[in-house]
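Tertiary structure, described
This is what each chain is made of:
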Amino acid sequence: MRLLNCQLQNVRLHGDLSLEFSPRITLVGGANESGKSTLVEALHRALFLKATATGAPVEALQSRLHLGQPTVTVGFEAKGDTWTLRKRFSGSSGQVSLLAESSAQSLNGAVAEEVLAELLGVKETLGSRQATTVLPTRWAHLWVMQGTAGENLLEAGKAHYDFDALLAQLEQSGGAVVQQSGHDQRVAQRIEAALEENFTTRGIKKNSPLWQRQDELERAEFALDRALARLSDYEEAGVELAGISDELETLQNQALPALEQRRQLITQGAEASVRLDAAIELASKALEPLRLRHDSATKQLADLDQLAAQLVATQNRLDGLRRSQDGADATEQELVRAAQAKREARATLNAQKQQLDQRNQLLQLLVERARLGGSRSRLRLEIEQLRGSAARRAELEQQLAAQPPIGRSELTHLRELQQAWRDAATRREAMAAGVRVLRADQAVRINGEAIASGEQRQLSSVFEVQVGDGVALEITPGGGAALGDLDAQCAAAEAAFQACLASLGASSLESAEQMAEQRTGVEQQLLALGTASQQDQAAQEQELQRLEQRLDELQQHVAALASVQQELEQEQALPAALGDLEALQQSLAKTLSHTAAASGQAETELDQVVSALESFKANKVDGASQLQVAEAERLDRQIRLDALIQANGTREALQAQVEQLAQQRQQAESELSGLQAERASLSSGDQEQELAKLQSQIEALQLKIETLLDRRGAAKQRCDSISDEDPYGAVEQARVQQEAAQLDYQSLKRVTDAHRLLQQLFTEAQADLSSRYSEPLAQSIGTFLRPLIPDGPVAQLSYDQSKGFGGLQLRRGGEFYDFHQLSGGMKEQLAAALRLSMADVLKGSHDGCLPLVFDDAFTNSDPVRVQMVKQMLGTAVDRGLQVILLTCDPGAYGTFADHAIDLQA
């Protein structure tokens, strides 16, 4: 299939836009919001969306600037004929017509949509329901919509590209190593047909045999559950009936008689309760004075014991303080001597630390100087390499400038001129006259030149034939004036061809092709040299200057530590190697760390001793103060104890009094408790209130008995109604039916599971030969990316029968990288090469050509990137593909395209 032209009417900002497409490369340029994406979307919807479709995809075509419904006309070649498609998107009243140039017969409506789908190689054009879901997948491998250039087409699944046709073309074209046998296809089709009988993509197919078995099983299980529920209801009703009967017997024979008996006892005990209340009041009044006297005596005894204990504790603390004060002076002298020893140890460690610190600084400087010296040598070597690369780049650029600018377009133009010259010469020779001498007995001459017997001449202009000396014939070849025109055309074509050769500095077409190959080789060498610039060299030289300055600074620091170096060299010779210097410096640093830790420990210990000394002095002063306070407290406690003994007697007398009062109190409380217990046995409160409560309980119990009688009748009636249907027999019958339905379902399910397993095993067996499909496609991708990676494999991918192609990777250096690991520009180029490869394979099912559309797919305007895109697309059109490239920067592509369109013009 090949796009020829299109016309957009009332489509967004386009009122009436007509475009012609080149059979090779068409470049459509325009700034953002100039309608490039609108053009692509309109063509896509015209090809794959029904004219009667509705919804967002159709609404997006509506114009706010122009009146009328969106109308799209597309001219294209397909199936050996030229077609004109016209669609007017106006909802249910939408119109479509498809006209074939050979028959001049116009197809309309559903017939036109069916023929269009067949021409495009799809099952059907899409309606409203599929517009938002399936439409984006149509020709997603050929048409790159804006914003999708860097996406991996294979990750979206095989629904986003023509998987079946791709596989068929790989097999038919010999791209696959081993073609799938017809037997394999028949097996796969029979397995798929067996599964499609019972399954769809969403699950079990409705009204299929498996669905019917499952429905019968569900209905049998429902009937069994219903029968079991009836049986359970029957058994529950029987249990409920027995429980109600037992509860009624308990209430009528036990609970109700007990309440009646309790009511009679309360009535008899009312008179005895009055007498006990009076006796309890007298006992309570006699007990109160005993409680007060006993509590007072107990408190006085407790105060006496507390003062005695406090006096003993105060005396003990006083004795301890006196002993502490006696040995304080000796302890203080001992702490002073310990502090002096710690100060001397700290001073010694600090001196050692200072010496080791200076030596460590010196070794650090020497290590850094040695390390920077090595870096300086490496940097000098890198600068020399950069200078060599710059010289080579300059040499190649001079070679490139010296060579004629012969590219793909110039060669194409030169070939067209040569072909025009050959065509003119062929037509001229076709109109020339042929003269052949069969036999002659006299001399035969043409234009005075002798011709022998059997010799033949082709002459395109008027000529003279002489036979002997007496016969002369003038012969004019056929064509008349037209022959002269052909001579002029042939001469003009030859002159144009020679002029083009002269302008390119070539002697022949072959030499021009050789010069173009040489120019391409120089350009590839320039690409291989990378993008190192004078700025990189300047940065390296600046880094070298910085290293030199740092080495001078290090030399000054080392000179400042000359005495330390001399002292260290007297103890041991300093090594010259960097590794030995680092080992010596690390060893010294470890010793310095240990010394610093010891010095810090000595400082801490000194602080602790000084702190202990200061604390001891403060405690000594505080102890003297506490001694005075303790003496005063002891005297106060003794005075208060003497006063308490004088007022209440000795402790023994007070203890005897407390015991006597406690005995009297206990006896009185015992008598009162006996009276209260006897009173509580007769009644716990108001007699009338308790009698009213008992009456309420009796009435509630009688009401409950009546309710239970009603429930017993209802339960008996339910048992009788269910038992009429024989619930046990119904359960057994339902269970038999359920088991039979389950057996049928399981039998058929095992068959369908076997089909699924067979399909899985068959798919896995086919997947073992996946390389027969993935390798040819990977090689095709390498064909388009060969300028980027000139040798070895370029890309690789995997194949799975159920999932399609996947695992797309690109080789960079010696390793393959996944698609998501690549940069944005590399993703765009690899994704484009994948689409070009698929189109190259699929063109066999579309009359040897397919149109590829790239809407702002290549966003990087770097000249190197643009050159890569040109070479890739040039390879595509050389292989018979049609390319339509839409870009915001058409100037970056120069005169690369065969036909350029500016939407802003």
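Everything discussed here concerns the structure shown above.
This one's a predicted model, so the numbers in the text were calculated from it and none came from an experiment.

1. What to know about the nonpolar core
- Ranked by size, the top nonpolar core spans 106 residues in total, and within it Phe76, Phe805 and Phe854 carry the most contacts.
- The contacts of Phe854, once residues within four sequence positions are left out, are Val144, Ala832, Leu836, Leu873, Val883, Ile884, Leu885 and Leu886.
- In this structure, Leu547, Leu554, Leu568 and Leu584 belong to the second largest nonpolar core, which totals 21 residues.

2. As for the state of the cysteines
- Inspection of every chain in the model, using the stated rule, returns zero disulfides.
- Take Cys849: it sits in no disulfide, and the sulfur closest to it among the cysteines is that of Cys6, at 16 Å.
- Its sulfur unpaired, Cys888 is 18 Å from the next cysteine sulfur, which belongs to Cys6.
- Take Cys888: its relative accessible area is 36%, and that puts it in the partly exposed class.

3. Some thoughts on the environment of Leu526
- Looking at the element boundaries, Leu526 is found in helix H12 (residues 509-528).
- Taking relative accessible area as the criterion, Leu526 reaches 13% and is therefore assigned buried.
- Setting aside anything within four residues of it in sequence, one finds Leu526 in contact with Arg393, Leu396, Glu397 and Leu400.

4. Thoughts on the sheet that holds strand S15 (residues 463-467)
- Pairing is antiparallel across the open sheet formed by four strands, whose spatial order is S13-S12-S15-S16. Each having just a single partner strand, strand S13 (449-450) and strand S16 (471-475) make up the two edges of the open sheet.
- In this sheet, S13 lies alongside strand S12 (residues 444-446) in antiparallel orientation, the contact comprising two bridges. Across the sheet, Ile446 pairs through a bridge with Glu449, a residue of S13.

5. Re the packing of helix H5 (residues 163-172) against helix H20 (residues 824-842)
- Taken N-terminus to C-terminus, the directions of H5 and H20 make an angle of 65°; their axes are 9 Å apart at the nearest point. Here the hand of the crossing between H5 and H20 comes out left-handed. Seen from H5, the contacting residues are Ala165, Leu166, Gln169 and Leu170; seen from H20, they are Met838, Val841 and Leu842.

6. Some thoughts on helix H15 (residues 578-648)
- Here H15 spans 98 Å end to end across 71 residues, near enough to the 105 Å set by a 1.5 Å rise per residue.
- In the segment just after H15, Gly649 is the residue with positive phi, at about 90°.

7. Looking at the pairing of strand S4 (residues 71-78)
- Across the eight residues that make up S4, a large majority, seven, are buried.
- The pairing of S4 with strand S5 (residues 81-88) spans eight bridges and is antiparallel. Bridge assignment links Thr73 to a residue of S5, and that residue is Arg86.
- A loop of two residues connects S4 with S5, the two strands running antiparallel in sequence, and Lys79 in this loop sits at a positive phi of about 55°.

8. Describing the pattern of salt bridges
- Counted under the stated rule, the structure contains 24 salt bridges.
- Glu77 is paired through a salt bridge with Arg2; the nearest N and O atoms lie 3.9 Å apart. One end of the pair, Glu77, is in strand S4; the other, Arg2, is in strand S1 (residues 2-11), with 75 residues separating them in the sequence.
- The class of Glu77 is partly exposed, set by a relative accessible area of 34%.
- Residue Arg376 is joined to Glu548 by a salt bridge in which the shortest nitrogen-to-oxygen separation is 3.1 Å.

9. Details of the packing of helix H9 (residues 328-402) against H12
- At a minimum axis separation of 10 Å, H9 and H12 run at an interaxial angle of 155°. With respect to H12, the element H9 is oriented roughly antiparallel. For H9 against H12, the interelement crossing comes out left-handed. Side by side, H9 and H12 meet where Arg392, Arg393, Leu396, Glu397, Gln399 and Leu400 of the first sit next to Arg519, Val522, Glu523, Gln525 and Leu526 of the second.
- By residue class, the composition of the contact of H9 with H12 is four nonpolar, two polar and five charged.

Cut-off values and rules
Residues numbered from 1 in each chain as written. Predicted model: local features only at pLDDT ≥ 70, side-chain atom pairs only at ≥ 80, totals over all residues. Heavy atoms only, no water. Core = buried A, V, L, I, M, F, W, Y, C linked by side-chain atoms within 4.5 Å. Buried < 20%, exposed > 50% of the residue type's maximum accessible area, 1.4 Å probe, protein only. Contact = heavy atoms within 4.5 Å. Disulfide = S-S within 2.5 Å. Helix = DSSP H or I, 4+ residues; strand = E, 2+ residues; numbered from the N terminus. Pairing = 2+ DSSP bridges. Axes fitted to C-alpha atoms, helices over the stretch in contact; angles between N-to-C directions. Left-handed = near helix turned anticlockwise from the far one by under 90°. Expected span 1.5 Å × (residues − 1). Salt bridge = Lys/Arg side-chain N within 4 Å of Asp/Glu carboxyl O. Parallel < 35°, antiparallel > 145°, perpendicular 65-115°, else oblique. Nonpolar A, V, L, I, M, F, W, Y, C, P; charged D, E, K, R; others polar.

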